[in-house]
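Observations on the three-dimensional arrangement
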Amino acid sequence: MNKIHYGGDYNPEQWPEEIWSEDMALFEEAHIDTLTVGVFSWSMIQKDEETYDFSLMDKIMERLHKEGKKVCLATGTAAHPAWMARKYPEVTRTDFQGLKHKFGQRHNSCPNSPVYKGYSRLMAQKMAERYAGYDNIIAWHVNNEYGGSCYCENCEKAFRNWLHHKYGTIEKLNEAWNTMFWSHYFYDWDDIVVPNALSEHYGRENVTAFQGITLDYMRFNSDSLLNNFLSEKEELNKITPAIPVTTNFMGMYRPLDYFKWAKHLDFISWDNYPPDMKSEARMALTHDLMRGLKNGQPFWLMEQTPTTTACRDINPVKRPGVMRLWSYQAIAHGSDSVLFFQMRQSKGASEKYHGALINHAGRNDTRFFIEARQLGEELSLLGDQLTGSETSARVAMVFDWDSWWAVEISDGPSRHISYQQTMIHFYKALFALNIPVDVIGPDTELDQYDVVIAPLLHMVKDDYHKKAEQFTAKGGTFITTFLSGIVDENDNAILDDRPGLFKKLLGIRIDETDTLLPQDFNSICVESGELKGEYPCNMIFDVVKTLGAETIGTYGKDFYANTPAVTRNKFGGGEAWYIASYPDLDFLKKLFKQTASNYEIACKIESGEGVEITERKKGDEIFTFVLNHAEEEREIALPKTYHSLLDNQTYEAGMKLKVKAKDVVILKG
Amino acid sequence: MNKIHYGGDYNPEQWPEEIWSEDMALFEEAHIDTLTVGVFSWSMIQKDEETYDFSLMDKIMERLHKEGKKVCLATGTAAHPAWMARKYPEVTRTDFQGLKHKFGQRHNSCPNSPVYKGYSRLMAQKMAERYAGYDNIIAWHVNNEYGGSCYCENCEKAFRNWLHHKYGTIEKLNEAWNTMFWSHYFYDWDDIVVPNALSEHYGRENVTAFQGITLDYMRFNSDSLLNNFLSEKEELNKITPAIPVTTNFMGMYRPLDYFKWAKHLDFISWDNYPPDMKSEARMALTHDLMRGLKNGQPFWLMEQTPTTTACRDINPVKRPGVMRLWSYQAIAHGSDSVLFFQMRQSKGASEKYHGALINHAGRNDTRFFIEARQLGEELSLLGDQLTGSETSARVAMVFDWDSWWAVEISDGPSRHISYQQTMIHFYKALFALNIPVDVIGPDTELDQYDVVIAPLLHMVKDDYHKKAEQFTAKGGTFITTFLSGIVDENDNAILDDRPGLFKKLLGIRIDETDTLLPQDFNSICVESGELKGEYPCNMIFDVVKTLGAETIGTYGKDFYANTPAVTRNKFGGGEAWYIASYPDLDFLKKLFKQTASNYEIACKIESGEGVEITERKKGDEIFTFVLNHAEEEREIALPKTYHSLLDNQTYEAGMKLKVKAKDVVILKG
Amino acid sequence: MNKIHYGGDYNPEQWPEEIWSEDMALFEEAHIDTLTVGVFSWSMIQKDEETYDFSLMDKIMERLHKEGKKVCLATGTAAHPAWMARKYPEVTRTDFQGLKHKFGQRHNSCPNSPVYKGYSRLMAQKMAERYAGYDNIIAWHVNNEYGGSCYCENCEKAFRNWLHHKYGTIEKLNEAWNTMFWSHYFYDWDDIVVPNALSEHYGRENVTAFQGITLDYMRFNSDSLLNNFLSEKEELNKITPAIPVTTNFMGMYRPLDYFKWAKHLDFISWDNYPPDMKSEARMALTHDLMRGLKNGQPFWLMEQTPTTTACRDINPVKRPGVMRLWSYQAIAHGSDSVLFFQMRQSKGASEKYHGALINHAGRNDTRFFIEARQLGEELSLLGDQLTGSETSARVAMVFDWDSWWAVEISDGPSRHISYQQTMIHFYKALFALNIPVDVIGPDTELDQYDVVIAPLLHMVKDDYHKKAEQFTAKGGTFITTFLSGIVDENDNAILDDRPGLFKKLLGIRIDETDTLLPQDFNSICVESGELKGEYPCNMIFDVVKTLGAETIGTYGKDFYANTPAVTRNKFGGGEAWYIASYPDLDFLKKLFKQTASNYEIACKIESGEGVEITERKKGDEIFTFVLNHAEEEREIALPKTYHSLLDNQTYEAGMKLKVKAKDVVILKG
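This is a predicted model, so every value here is computed, not measured.

**Here's the deal with the sheet that holds strand S1 (residues 5-9) of chain A**
Strand pairing in a sheet takes place through backbone hydrogen bonds and is either antiparallel or parallel in direction. Taken together, 6 strands build an open sheet; the order of strands is S5-S4-S3-S2-S1-S9 (chain A) and the sheet is parallel. With partners counted over all chains shown, the strands left at the sheet margins are strand S5 (245-246) and strand S9 (337-340) of chain A, one partner each.

**A look at the packing of helix H10 (residues 280-293) of chain B against helix H14 (residues 419-432) of chain B**
The relative placement of two packed helices comes down to the angle between their axes together with the axis-to-axis distance. Residue and element names in this part refer to chain B. One can describe the packing of H10 onto H14 by two numbers: an axis separation of 9 Å at closest approach and a directional angle of 100°. One way to sum up the angle between H10 and H14 is to call them roughly perpendicular. Contacts between H10 and H14 involve Glu-280, Ala-281, Arg-282, Ala-284, Leu-285 and Asp-288 on the former and, on the latter, Gln-420, Gln-421, Met-423, Ile-424, Tyr-427, Lys-428 and Phe-431. Its residues assigned to classes, the contact of H10 with H14 comprises 7 nonpolar, 2 polar and 4 charged.

**A closer look at the domain arrangement of chain A**
Domain boundaries assigned for chain A yield domain 1 (33-266), domain 2 (273-386), domain 3 (395-598) and domain 4 (611-668). Computed from C-alpha coordinates alone, the two centres of domain 3 of chain A and domain 4 of chain A are separated by 34 Å.

**Some points on the relation of the copies chain B and chain A**
Mapping chain B onto chain A calls for a rotation angle of 120° and an axial translation of 0.0 Å; the resulting RMSD is 0.0 Å. Considering both components of the superposition, the chain copies are consistent with a three-fold axis. Among all residues of chain B, the minimum C-alpha distance to the rotation axis is found for Leu-99 of chain B, at 5.2 Å. Both copies present different contact surfaces, since only 2% of the interface residues of chain B are interface residues in chain A too.

**Observations concerning the pairing of strand S15 (residues 521-526) of chain C**
All names here are of chain C. As paired elements, S15 and strand S16 (residues 533-546) share 6 bridges and run antiparallel to each other. Bridged to Phe-521 within S16 is Asn-538. From the end of S15 to the start of S16, which pair antiparallel, there are 6 residues, and Gly-529 there has a positive phi angle of about 85°.

**Quick look at the UniProt feature "domain: Beta-galactosidase C-terminal" (unreviewed entry) in chain A**
Within the UniProt annotation, "domain: Beta-galactosidase C-terminal" (unreviewed entry) is assigned to residues 610-668 of chain A. With 0% helix and 59% strand, residues 610-668 of chain A has end C-alpha atoms that lie 21 Å from one another.

**Some words on the interface of chain B and chain A**
Between chain B and chain A, the contact holds 53 residues from the first and 58 residues from the second. Both faces combined, the contact of chain B with chain A buries some 4,800 Å², and carbon together with sulfur accounts for 53% of it. When the area that chain B buries against chain A is broken down by residue, the three leading residues are Gln-105, Lys-347 and Tyr-353 of chain B, summing to 16%. Our count for the contact surface shared by chain B and chain A stands at 10 salt bridges. Between Arg-86 of chain B and Asp-188 of chain A there is a salt bridge, and its shortest N-O distance comes to 3.4 Å. Scanning the region where chain B abuts chain A turns up 31 residue pairs in polar contact (both at pLDDT 80 or more). Those elements giving two or more residues to the side of chain B that touches chain A turn out to be helix H2 (42-45), helix H4 (82-87) and helix H12 (367-382) of chain B.

Analysis parameters
Chains are numbered independently. Their residues run from 1 in the order of the written sequence. Following the order in which they are written, the chains are lettered starting with A and the ligands numbered starting with 1. Only residues with pLDDT of at least 70 are given local features in this predicted model, and only at 80 or more are side-chain atom pairs given and counted; all residues enter the totals for whole chains, interfaces and linings. Hydrogen atoms and water are omitted, and side-chain values are computed over all heavy atoms in the structure. Pairing between strands requires that DSSP locate at least two bridges from one strand to the other. Each helix corresponds to a stretch of at least 4 residues labelled H or I by DSSP, and each strand to a stretch of at least 2 residues labelled E; elements are numbered beginning at the N terminus. All axes are obtained by fitting lines to C-alpha atoms, using only the stretch in contact for helices, and the reported angles, taken between N-to-C directions, cover 0 to 180 degrees. Any angle from 65 to 115 degrees is called roughly perpendicular, while one under 35 is roughly parallel, one over 145 is roughly antiparallel, and all others are oblique. Contacts are assigned to residue pairs that have any heavy atoms within 4.5 Å of one another. Throughout, the ten residues Ala, Val, Leu, Ile, Met, Phe, Trp, Tyr, Cys and Pro are labelled nonpolar, Asp, Glu, Lys and Arg are labelled charged, and all others, Gly among them, are labelled polar. Source of the domain bounds: an automatic or database domain assignment. When the copies are superposed, the least-squares fit takes in the C-alpha atoms of residues with a pLDDT of at least 70 in both. UniProt positions are given in the numbering used here, feature names are shortened, and annotations may be inferred rather than shown by experiment. Summed over both partners, buried area is the accessible surface (1.4 Å probe) that two parts give up on being assembled. Only one rule defines a salt bridge in this text: a Lys or Arg side-chain nitrogen within 4 Å of an Asp or Glu carboxyl oxygen. Two N or O atoms count as a polar contact when they lie within 3.5 Å, although within protein this holds only if one can serve as hydrogen donor and the other as acceptor, and sequence-adjacent residues are included solely when both atoms are side-chain atoms.

Here it is, written out as structure tokens:
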């Protein structure tokens, strides 16, 4: 049966075999059915250039097969063995400061090292050959949390090749990077060096003298790691074509353009480690982004902690009910799995205090084990009811890695504006309204949406402005902000009034963009209508002249007092909004509520603050998740009659459903 | 006609030629007459060791000549070409951390690299030879914003030679650096290594184990860059002896001893990028310093932004009127030019969002273009009335790079005392009183002054104490502070009571200097007279015993309560003041007002807060600049009848002149 | 006569000989009898590989002998000569960032450099041979303030040998470091690299991927420096077996395990430079720790400043009386000396502004000279009354370098908990109660104590839990805290419920440990008894289940509200307390007061806030030090009749003794 996968990372190689039997009994008790194994197995298996010793891995695989467990099998290449670093120093990375590293940590291999590329590909091949016969392998888990970057000589050479392939001639590269500036004209590909603290950067990764080379290096680095993934995948596909291949993403992780990667994964999986206890909107956004990477296809929650992390300055435990609540949130947003890191707590090294299903004492009566067992029971009872279901939305938010990179490496206008924080801020308004959202990439088609929200869409590629115009002309509402539309794919300014390529759609002109410290507020004043009010805004203030657009809100003070701060432009059958300053959440909620209501988009269930309502569809069935993130019980008025899955009850229309703090209800009907 | 030069940096090489014609029309409209070209032209012109291609530069020069523009011609050596860094790695710098850099950024050449020295000199020669025939070149602009430092092996060798030349014998060096301390005795010049984070420094540039070597390296580094300037200047003088030579300074820039440099420039020029919108006093001080570098000779404002910077965390736009106000402030303090960086906004790289006269859209109707055009009209109408005028002052502030360096690299007594902030603090009191000030170097003669203010004159060189004594004995007032007079030119302590060499002049003795956190205040209490009051003071507290001096103010608390905090010593016909703690602005205003009034120095015009009044003299004519930095209109009572230059009106004595916020009035008479 | 040594560091080599005579007169005046010489004399004495020139050192030794001064003679090896760094680059250190240093600073030699080891041993030998005949040498002062660390290739090789010696086989090392984690399995000793920013560490020294290797490197580094000490000591002992050997410690200095070092010193000496003016408890703790290093044996205060430091951001002067007060505090806690750094203030380099007995002017009438002279007189009058006395205590605090290291390099549960701050916090409660404390190591026997307090005893070695159990069973009170007992000597988790090896003794079980930001407070609520009250607690919150222990206090809120926060477990004849959260000072004072009173431990003299009362015993005599750290005079009720040493008076029982602010009274009787 295709139930929701339940389990997580399991490292029996760290333990004597007698412990394994304890583990199996505890797994059984907690309804664990899926185990990720082999994630950091490279040094265990490959003892030197020639010698592969699978004996322990064999035992693990045999045991899990015998126990009837599904396996997510890792290729184990996320940390090279120490001997490899000693014999082939090229496999370690050179950091942003230009310093060559030695053996240590993990995610430590240069992606362009021929030695690493060769041996990691071989490792994937060996693993596939060895375990191809196991029918309980449900996925390949390539490497682990790909990330970071390298600045070594191998990377430098590969970067030049990448550039040569991209630009064809050195003249085109000079044009793209605007190298007449600061005497940077290149006459030879070999004159190009990696952009880091020893060349173009002023100490920090975001502060570069040349945005063009830095942006290309970010793309190159993302591509280099993707190539590592692809070479392993190629081997796996040769030998086990039927087993889907994934690698675990890290949510909103800036260094990798996951939209570019997603095409090559059979399904998306990701690790959810939010920064604090009040992260429900951030997690929802990230789930939606992960789902959006492959156009709504279900994903896996590959990792979450059962209780605490260990790597943070503080590591609070998940409060009672929170692990279950967040697990269902993942399912509500499209996950087909609930997996933990990890099954049994490591006894030593840096994850010794990271929470696990089974603690150092091996207990089955800890609060977190009990909660996990209860969730395991529920997931077993749910069976295949929810797996493979889909989430539909008529509102989309555009998420673009190139804009993220470009806006944050830019000199001017402000270093206080974070792409990620802006996305979370805008998403929070939609989340508070329980409006379903798809988080989409710049290549995603817009046909199915009524509203497209594109904050900080700094860079316009592939005529996205035309796509936005067509979308709007057909009756859609397009909402964008400060700093959007103004650079091309090489991060060169559009040679027109700002907002550059969105000028026509938005019907405005901007000559000046003021920036102030975050504590210096102005306000957006709206005199009438549903948006009526005065809303704080800060950080950035475009001085806008309308060229046909209607002024909706104006600035409250400074020399641009009474000039437009928010505009709306009728464009064909739709309208395009421009938000010229960083607004408070209240303004965004009102704006999005009004906009959604224009399309009769609204959450059918009224809920109190902190209650998330999310729908998932499977065929004709609709599942409504009621997730109470608040610290208090909430009452929900039910608009119609539902069947409640988790307690197997029927709730009549009009009834007030009480949902306890941190509790979850799944309604069908 | 010798009008005020108006224009700025122009980089047509970044644009296709059709844009140039647009530029010319816009220049005409804005009354632009002076263009700085070629600043970063090296990679464009020199393609390899042998090949110089002037074709594009020729076109630029021809076009500007044809258009009747004055040219400030750069030698283009502020950033070496990429090919040079690859073929001759020695040309790049090694940073303070000891890391060797690769190609990137600008101001990136090792000043002691033989390759850089050779090719930069050759570049200056080639430029001079090529364009010697142009009669519209009004100045050579060597390199650009010389700065930074290098710690490479070439520098290390050159440093040893510099030391050998300075000290003659290793014994004298050992004596100067007090190397019996911490086992540092040197037996061989080659034992000396550059002082950086890999040798004498604890991570930071200001924290050194040996002040002697660090101080000498600062002097050596300033001299090394000066040598670069001199070698280019030598070539230019050979070929175009009639064209004056400058390089653009950066105001109060710590790494370079501009008093030492100034002797070698035909005129001073500098770039004015204040850190925030409330910088009027800081800019005035810096203008006065720039004027003081060559004993009052007019200077050029080589760069300012028309609207915003791009390199800061925030980059506010200049408010309406501010660009004009600050331009006239420069003129009021001695500038013969108003020049912008830059004419047309770059489309890519790190200055893409830096403000320019002409924006990405090429518009003539932006607020900043309109303001620049209006200023251009005014400057054209003013013609040669103001150029070459001079500023006289009877109050001087002493500014000394050696003291700046020594006091900030010192271990103890406090790292919270900044030389620059102290100078600004003291200047602000004079600025608020509209007392004209010359900012002078330690070599400047004092004969023309009545009052000499020397805050933090830590190091006494060339018997400056005797100069101060003679000045005071003849009737002058000498005012100095904590931390003054106590080290010799090698930063060794004067072996006497503090204030060391100023002990006799000041008539006091100090055994103890207490230092506390900036938030821990004491007070200066004055019981009678014009200074009567209690004034907060903080950071540093000398415990003073008088040896003949009169106690003017005492401390309000702590174990040194009621002991002297401010003293005055009659010395010959004058008096010498000592300020033993860091006083608030109010105290300084009262002290300077009283002191100035003793010499009948006072601003003739009463003005409200924020209104700067500055005089400039040309022959018998006196021009009075009224600069309203305030946010509100101010009324100025005119003590006599004036002619107003900008509106060509006559204002009668006794009239109340209304000056709008940010407005400027220039009165003649 | 064996009086308290009085004097300090003296560097006549920095001065011409005529100054020496001035010094001698001033020493005589101030009753200086002991001088530390030669501390940084290496470059002066050894001019190259072959040439040793003792001529200046000879003069110094002869002069001091002639003047009748006792000498603490340094071996001078704390900073190698510049020529050595140039000729043998291996002698300089490679820092934590992996960067190789050049000549500079001090404490700059790689402890594993064969060249350094050879020449430093030879230097000790040469010094001993040269000056063996001097009968006024009372101690050898080896090197100076051993500290820091090195990460060079020599260290890497030595580390592998150290590991080989410790573990015997690579398998045992793999087991100890848990290397199956993150693919770290080592097959060859040579695969191991030093753990720093280029290998296992994430930028910071406390953040490592592998606690096992980092912990071993800390031990190895401490041992490496100890070996340097031992090799010099070996030479000294050969030639001058009768002269005791020490090196000056730095109090609570994390990098060196002073308990391991202490065995090899003939007596302990240390340098007292507290961070601020309110450090009396911290200094008292440190004195007690220094005394505890050799089981109560008297130590030397080797350095303190007479007035100010120079190396801090601010350097306040010691207020009137404070130098004397702190000197007597050292004596009260077990010091047999009062020594200053330094005698005459250096004229140049980084200690130019560090306070000295004799200032730059050479005066005998400064406040600090006068205070030092008065103290000198007192110490002369005291004669041998106090020297060699001992301090007894029935309360001990356990201080363990391994726990310090392990708890601070741990990933999770919180990086806000500082070992040192926690020790100071707990000590402050005892200090406020004037309860005598011994600060003991993990190897110290517990027989003489009634109460043992062991905060943050994270690591349990050598069956310390059994020692604690025996101690408690015999009637003692054992008090420990959060994070105690839970790792073994390799920093691997105890595979049991927390508190691991203390579980049996404490009668509790912990499954969950919550951590929050320091500003997020919970509280400890005690409902009845002497501890009744509600006390703030923060940072860490164990969720405790009792297994026999009694709940004394409970949490005030959060999901663990009303569960145990403080427990007491009867164990044999005694009791064991667990403090599950970081409590405020008030709670600790009440707890320790109650606990002490159970054993009739209490200070016999009632004193007001800020008055420290400390006893020292010599034979049958008891000396009671009354140290008024407060800013006001205090009255002390005397419980019996005393003789007062310093004023040679008798005070009757019942009398109210007035002690001025910062004053000291020593009572005998």
